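Here is what each chain is made of, one letter per residue.
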Amino acid sequence: MTDVDKALARLGLTLPTVVPPLAAYRPAVRSGDYVYTSGQLPMVDGALVAAGKVGAEIDPDQGYDLARICALNALAAVASIAPLDEVVQIVKVVGFVASAPGFTGQPKVLNGASELLGEVFGDAGTHARSAVGVAELPLGAPVEVELIAQLAPSAKTVLV
């Protein structure tokens, strides 16, 4: 059992199946030692957990929990490209929050994703981040999260 597996088990979480793309894209792409995920919605077992705008139909605490689900889905997308124990740093997280007019708590909502990544990877889970309020997200989702993960240099890399 890897350190990541142990951290997920300690949190009572299991890595979900990768959410299939909703359109013409891949859930994750590797470029060199980096994996870039597509935006991940709060999907569980192929279904959106909640719909609506944070600050209206969705309260900020629920938005926080939904951001955690998005981050877990992003980790599943990374794991579809490379083992999670090869992640040496979560470099960047971009989060979008479908926001009711006047709602300005996007950073606290996105803390759900950021804190999960810290719980799973420790210091390697701390990252740069953007938290953006938007009018609408796909399927009416309240939150969407994407990330960039740096992997350990591949065995194919030759340093001269």
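Residues numbered from 1 in each chain as written. Predicted model: local features only at pLDDT ≥ 70, side-chain atom pairs only at ≥ 80, totals over all residues. Heavy atoms only, no water.

Chemist: Would you mind going over the overall build of the protein in detail, with residue names and values included?
Modeler: Along the protein, the regular secondary structure elements total three helices and seven strands. The order of helices and strands in the protein, counted from the N terminus, is α-β-β-β-β-α-β-α-β-β. Since a compact globule built from 160 residues should have a radius of gyration of about 15 Å, the 15 Å found for the protein is in line with a globular shape. The dimensions of the protein, computed from C-alpha atoms along their principal axes, are 55 × 35 × 30 Å. Across the 160 residues that make up the protein, the buried fraction comes to 41%. Contacts in the protein between residues far apart in sequence, at least 24 positions, make up 82% of those at least 6 positions apart. Of the accessible surface of the protein, which amounts to about 8000 Å², a share of 56% is contributed by carbon and sulfur atoms. (Helix = DSSP H or I, 4+ residues; strand = E, 2+ residues; numbered from the N terminus. Rg over C-alpha atoms; globule rule 2.2 N^0.38 Å. Buried < 20%, exposed > 50% of the residue type's maximum accessible area, 1.4 Å probe, protein only. Contact = heavy atoms within 4.5 Å. Areas by Shrake-Rupley, 256 points an atom, 1.4 Å probe, with all protein chains shown as cover.)

Chemist: Go over the pairing of strand β7 (residues 143–151), please, and point to the residues and values.
Modeler: Pairing analysis gives three bridges linking strand β2 (residues 34–37) to β7, with the strands arranged antiparallel. When the sheet's bridge partners are listed, Tyr34 is paired in β7 with Gln150. Direction of pairing for strand β5 (residues 87–98) relative to β7: antiparallel, over a ladder of nine bridges. By the bridge assignment, Val97 is partnered in β7 with Val143. (Pairing = 2+ DSSP bridges.)

Chemist: How would you explain the sheet that holds β2 if you had to name every residue and give the values?
Modeler: Reading across from one edge, β1-β2-β7-β5-β6 is the order of the five strands in this open sheet, with mixed pairing throughout. The sheet is open, and its two edges are formed by β1 (28–31) and β6 (128–134), each paired on a single side. Each neighbouring strand pair of the sheet contributes to a mean axis angle of 15°, computed without reference to strand direction. Packing of helix α3 (residues 106–121) onto the sheet brings it into contact with β5, β6 and β7, and relative to β6 it is tilted by some 145°. (Axes fitted to C-alpha atoms, helices over the stretch in contact; angles between N-to-C directions.)

Chemist: Tell me about the side chain of Ser99, and name the residues and values.
Modeler: Its location among the elements puts Ser99 in the loop between β5 and α3. Ser99 sits in the buried class, given a relative accessible area of 12%. Within the local environment of Ser99, its side chain forms a polar contact with the side chain of Gln106, the two groups lying 2.9 Å apart. Those residues in contact with Ser99, other than ones at most four positions away along the chain, are Lys53, Val54, Gln106, Gly133 and Val134. (Polar contact = N/O pair within 3.5 Å; in protein donor to acceptor, adjacent residues only side chain to side chain.)

Chemist: Kindly report on the environment of Lys108, identifying the contributing residues and their values.
Modeler: Tracing the backbone through its elements, the reader meets Lys108 in helix α3. Among the residues examined, Lys108 registers a relative accessible area of 64% and is labelled exposed.

Chemist: Residue-level account of the pairing of β2, with values.
Modeler: Only one face of β2 is covered, namely the one carrying Val35 and Thr37; the face carrying Tyr34 and Tyr36 has none of its residues buried. The pairing of β1 with β2 spans four bridges and is antiparallel. Bridged to Val29 within β2 is Tyr36. What sits between the antiparallel neighbours β1 and β2 is a turn of two residues, in which Gly32 has the positive phi angle 65°.

Chemist: If you had to explain helix α1 (residues 3–10) to someone new, which residues and values would you point to?
Modeler: The complete set of buried residues in α1 reads Val4, Ala7 and Leu8. The buried residues of α1 occupy an angular sector of 100° when projected down its axis, which confines them to one face. With respect to the buried face of α1, the exposed residues turned more than 90 degrees away are Asp3 and Arg10. Of the surrounding secondary structure, the elements contacted by the buried residues of α1 are α2 (60–79) and α3. Gly12 sits one or two residues past α1 and shows a positive phi near 75°. (Arc of directions from axis to C-beta.)

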